[in-house]
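# Overview (structure and organization)
In case you want the letters, here they are:
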Amino acid sequence: MKNQFDYIIVGGGVAAATTAKGLLEHKHDTSILILEAGPEIIAKDRRFWWDYITRGERPYTFTYDQKFEADSTGNIDYQTDGVRVKAYGGSTMHWGAWCLRFRPEDFNLFTNTGEGADWPINYEDLETYYNDAEAFLSVCGDDNANWVPRSKPYPVPPFEWTAADGEMIKAWEQLDVVYQDGDINPGKKSKIQSGKMPIARYRKCMTTGTCKYCPIGGRFNAQYVLDDLKNDTRFINFEVRVNSPVHQVNVSSKSKIESVTYTDNLSGNEYTVKGSTIILASGAYNVPKLLRASKNEFWKDGIGNDHDLVGRFVVSHSMLNVVGKASSNPNGWFQEYDFPTLMSHSYNTKEHQKKGKIFMFKNRTTPNVDIAQLMIDGKTREEIDEIVYGEMTINIQAFLEEKGKHRNRLEAKPGKDRFGLPQTTVHFSRTEEEMKNANDRLKLLEQIIEKMGLEVTSSRVDKPGGHHTTGTARMGTSPENSVTDKFMKVHNTDNLYVCSNAAFPTGSAVNPTLTLTAMAFRLVNHLIEKQTNQTNSNTNNANKTNTIQECLSRESN
Amino acid sequence: MNKELTSIGGPVCNETLPAGLIFAEGQSLTHQNKEALWEIFEAIGTNWSNTIYNSNNQRSSWYEMLKAKTENAPNYAGEYVNAIYVINELKAMYGTGGAYKKLFFESGLDNSAPPTTRLAHCKIYVVNEFIRMQITAGGFKSWGTKYGGEQARNYHGFLGGTRYNRTPRVRAYDPDTNNLKNNQE
């Protein structure tokens, strides 16, 4: 079995797929090994799909963290169970495929608010890579949307608003942005704008509404990309090993990373493979645990952890959730897609950054009537008609941006999961001010529901969770304030990179995957440039040596 | 075991079984079995009036599901044959139409409880799954039009889209015509 590669990538999700594809497209014979801890779960399988339709079962849920494998401490429960897929393809096996760019102010959070952190790069540094990422993920978006600067149109037209979105659009049109205590520039106001949710797809969407297990490969899944790479005859040195958890990164000096050690879960054998460059792309949970577990004579507290920063600054999103009720639904509406189509960025702006930006959207499943369940329960046609056209529930939700804090930390706890990965504890607390801000933001959502003529029946701030965890090996300008540099290279190493949400200094108010993909494209560009410079340097050195030898040869003659 | 669950049936329906899927690896359905099962599927459409034309529009999808569930583990063949036993007994007791009415509307079963009788196995593993299949395969379309509303185009599980962009995938928001009914209410 081959044990020396140009690149070793730990993790088999979207970051790994993007990076591997970029490197291979640049140089076809590049040798790359991807090590994925989880198994391969078959996609687009008809039996799996029918079981999902008829029984609600999804074939990858057995890979989720169990509650006892991933707990939390602090003044609020941090949901870590059931949020990440540990399998070939990673969490794109189950993601919603919402693809939103971070906004320019997200890269300057500390400068703007005195809290959280700044990125060592700006939005402008990433903008062209966002274009690449949107093309790669085939993002369906609205070119007329102006909520974020962009230099290229979306590659695919947007999904239209559904009929059921209409009432919320009208309510938004009637509401001004209401500034709350703590918002910046309270004198400046603008209308709440409606937007169309950008969604990634891989092939033409046939709207089955079963995005959580797409039967036709319509929703983007990193597994499809990795399959394509494996089957491409140009890429003869590309290999993926599943069931292969990495538990140690090995060094030959402080700066030189030499290899990784993993276990083949099926045979029980342990292997060490060497890589010229090692990329940790295994997510914001696994990356910090692996770094801290990799202790040696040069890194007493784990690689990159000389300043005790690995695993700190956990950032998540809190979900704001307001439900409204109407007495009737004469059109028999329900949300026909399995994802939200209506969104607003009116509170996802710099003015709202101090208090906490929110990204609002109409919930992906309301209004809805589970007609089949009513039939199963023995309701007659007439009774179901009453329900379909009767009381209607609509839910508005928002992600609330949170700011990284030193005391909030993710770390390994004793014991391993079924895949041989260390279990997790998240220490996470919110401040009283954050709780107050979240509740204030809820009031805006309640106003929208009331403007729609609905009665508010529920209004709550859901617990934070691991769905969008970022910040656990964050980028920065020095080892004193961060784990990685602006190219996501671990400080004081030559060849160890983190390509993960872990490297994000802030989490914005939107989903992180598009930004992660853009960062992966940027990393590919950096690695290619680095490789080119090394090649040129080696060529120059060789030329110099040849010249000296020629001179010596002439002198001796 | 939930005793009232068995109230509509005779000795076959009432026979107790473990709650898990009836073991059937290596078994396959006969043509006659499939015809009997198709009758259940058709009866669902008839009893809820939720097929716009007739159930035959869904036959190929239904058959594909049957094939997937009996040619891959875990094999449903045992459940399907059990359902036929149950229906036969109910038919003998109530006649064909009455049997389905009893099964669909008056079974008294707790659909969330583990099935521990032949009747409960029939309802949970076969009838309930056929209902979900029928709705997601297009049965939902019959709802939404009662008050002159636009027909729903999509539902979770429905392959409603096409490769042609001109075919609308869902009822889309049209500010000029949408929401009129709600405004009039």
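Values in this document were obtained by computation on a predicted structure and should not be read as measured data.

## Observations concerning the overall build of chain B
- The helix and strand inventory of chain B stands at six helices and zero strands.
- The buried share of chain B, taken over its 185 residues, is 50%.
- If you take every contact in chain B between residues at least 6 apart in sequence, the share linking residues at least 24 apart comes to 70%.
- Accessible surface, chain B as shown: approximately 8,700 Å² in total, 49% of it carbon and sulfur.

## A short note on the packing of helix H2 (residues 46-55) of chain A against helix H5 (residues 118-136) of chain B
- It is the contact of H2(A) with H5(B), at a shortest axis distance of 8 Å, that shows an interaxial angle of 100 degrees. Judged by the inter-axis angle, H2(A) sits roughly perpendicular to H5(B). Between H2(A), through A:Trp50, A:Ile53, A:Thr54 and A:Arg55, and H5(B), the contact on the second element is made entirely by B:Tyr125, B:Glu129, B:Arg132, B:Met133 and B:Thr136.
- Of the residues in the contact of H2(A) with H5(B), the class split is four nonpolar, two polar and three charged.

## A short note on the packing of aromatic side chains
- Taken as a whole and judged by the stated rule, the model has 37 aromatic pairs over all chains.
- Ring geometry for B:Tyr76 and B:Tyr125: centres 6.3 Å apart, planes at 85 degrees, overall edge-to-face. Taken as a pair, B:Tyr76 in the loop between helix H3 (59-70) and helix H4 (77-105) and B:Tyr125 in helix H5 lie far apart in primary sequence, 49 residues in all. In terms of burial, B:Tyr76 and B:Tyr125 fall into one category: buried.
- Put simply, the rings of B:Trp38, B:Phe41, B:Trp62, B:Tyr76, B:Tyr80, B:Tyr125 and B:Phe130 pair up and form one aromatic cluster.
- Its end group placed over the ring of A:Tyr154, A:Arg150 keeps NZ or CZ at 3.8 Å from the ring centre.

## Details of the interface of chain B and chain A
- In this complex, chain B contributes 56 residues to the contact, which on the side of chain A involves 53 residues.
- Between chain B and chain A, roughly 5,100 Å² of surface is buried when both sides are summed, and carbon and sulfur atoms account for 54% of that area.
- Counting the surface chain B buries against chain A, the share from its top three residues, B:Arg132, B:Trp143 and B:Tyr173, is 15%.
- One can count five salt bridges joining chain B with chain A.
- Across the pair B:Lys69 and A:Asp51 runs a salt bridge, and its minimum N-O distance is 3.0 Å.
- Run the count over chain B and chain A and you get 22 residue pairs in polar contact (both at pLDDT 80 or more).
- Put simply, the parts of the chain that give the side of chain B that touches chain A at least two residues each are helix H2 (31-48), H3, H4, H5 and helix H6 (180-184) of chain B.

## Let's talk about the domain arrangement of chain B
All names here are of chain B.
- Domains assigned within chain B are domain 1 (11-142) and domain 2 (147-185).
- Tallying the contact residues gives seven residues for domain 1 and eight residues for domain 2.
- Across the domain 1 to domain 2 interface the summed buried area is about 600 Å²; carbon plus sulfur atoms make up 70%.
- Counting the surface domain 1 buries against domain 2, the share from its top three residues, Thr136, Phe140 and Lys141, is 79%.

## Section: the state of the cysteines
- Within this structure, the stated rule accounts for zero disulfides over all chains.
- A:Cys499 takes part in no disulfide bond, and the closest cysteine sulfur to it belongs to A:Cys99, at a distance of 15 Å.

## Some points on the environment of A:Ser259
All names here are of chain A.
- You can see Ser259 is positioned in strand E9 (residues 257-263).
- Considering only alpha carbons, one finds Ser259 and Gly275, 16 residues apart in sequence, at a separation of 5.6 Å.
- Discounting chain neighbours no more than four positions away, the residues touching Ser259 are Gln248, Val249, Asn250, Thr272, Val273, Lys274, Gly275 and Ile278.

## A word on the pattern of salt bridges
- If you walk through the whole model with that rule in mind, you get 54 salt bridges over all chains.
- Ionic pairing is found between A:Arg46 and B:Glu64, a salt bridge with its closest N-O pair at 2.9 Å. Placement of the pair is A:Arg46 in helix H2 and B:Glu64 in helix H3, with the two residues belonging to separate chains.
- On the basis of relative accessible area, B:Glu64 is assigned to the partly exposed category, the value being 25%.
- Residue A:Glu57 is joined to A:Arg55 by a salt bridge in which the shortest nitrogen-to-oxygen separation is 3.2 Å.
- What you see here is one network of salt bridges that share partners, running through A:Arg47, A:Asp51, A:Arg55, A:Glu57, B:Lys69 and B:Glu129.

## Some thoughts on unusual backbone geometry
- Of note, the amide linkage connecting A:Thr366 to A:Pro367 takes the cis form, showing an omega dihedral of -5 degrees.
- For A:Pro367, the location among the structural elements is in the loop between strand E13 (358-362) and helix H8 (371-376).
- Here the amide bond leading from B:Ala73 into B:Pro74 is cis, since omega sits at -10 degrees, within 30 degrees of zero.
- Structurally, the position occupied by B:Pro74 is in the loop between H3 and H4.
- Its identity is not glycine, yet A:Ser138 carries a phi of approximately 50 degrees, on the positive side.

## What to know about the domain arrangement of chain A
Residues and elements named next belong to chain A.
- If you check the domain split of chain A, you get domain 1 (1-135 + 207-315 + 404-428 + 468-557) and domain 2 (161-196 + 318-400 + 431-463).
- Its C-alpha centre places domain 1 at a distance of 34 Å from the equivalent point of domain 2.
- The interface of domain 1 with domain 2 comprises 24 residues on the first partner and 21 residues on the second.
- For the pair domain 1 and domain 2, the summed buried surface comes to about 2,000 Å²; carbon and sulfur atoms form 61% of the total.
- Counting every contact that joins domain 1 to domain 2 gives five salt bridges.
- In this structure, Lys354 and Glu115 form a salt bridge, with 3.4 Å as the shortest nitrogen-oxygen distance.

## Thoughts on H2(B)
Residue and element names in this part refer to chain B.
- End to end, H2 covers 26 Å across 18 residues, agreeing with the expected 26 Å (1.5 Å per residue, within 8%).
- Taken together, the buried positions of H2 are occupied by Asn33, Leu37, Trp38, Ile40, Phe41, Ala43, Ile44, Gly45, Asn47 and Trp48.
- Within two residues after H2, Ser49 carries a phi angle of roughly 50 degrees, on the positive side.

## Some details on the packing of helix H1 (residues 14-26) of chain A against helix H6 (residues 222-231) of chain A
Residue and element names in this part refer to chain A.
- Two numbers describe how H1 lies on H6: the axes approach to 9 Å, and their chain directions differ by 30 degrees. Classified by the angle between their axes, H1 and H6 sit roughly parallel to one another. By crossing handedness, the relation of H1 to H6 is classed as left-handed. Taken together, the residues of H6 that come into contact with H1 (itself represented by Val14, Ala17, Ala20, Lys21 and Leu24) are Ala222, Val225, Leu226 and Leu229.
- The residue inventory of the contact of H1 with H6, partitioned by class, reads eight nonpolar, no polar and one charged.

Criteria and thresholds
Residues numbered from 1 in each chain as written. Chains lettered and ligands numbered in written order. Predicted model: local features only at pLDDT ≥ 70, side-chain atom pairs only at ≥ 80, totals over all residues. Heavy atoms only, no water. Helix = DSSP H or I, 4+ residues; strand = E, 2+ residues; numbered from the N terminus. Buried < 20%, exposed > 50% of the residue type's maximum accessible area, 1.4 Å probe, protein only. Contact = heavy atoms within 4.5 Å. Areas by Shrake-Rupley, 256 points an atom, 1.4 Å probe, with all protein chains shown as cover. Axes fitted to C-alpha atoms, helices over the stretch in contact; angles between N-to-C directions. Parallel < 35°, antiparallel > 145°, perpendicular 65-115°, else oblique. Nonpolar A, V, L, I, M, F, W, Y, C, P; charged D, E, K, R; others polar. Phe/Tyr/Trp six-rings, centres within 6.5 Å; stacked < 30°, edge-to-face > 60°. Lys NZ or Arg CZ within 6 Å of the ring centre and 35° of its normal. Buried area = accessible area lost by both parts, 1.4 Å probe. Salt bridge = Lys/Arg side-chain N within 4 Å of Asp/Glu carboxyl O. Polar contact = N/O pair within 3.5 Å; in protein donor to acceptor, adjacent residues only side chain to side chain. Domains from an automatic or database assignment. Disulfide = S-S within 2.5 Å. Expected span 1.5 Å × (residues − 1). Left-handed = near helix turned anticlockwise from the far one by under 90°.

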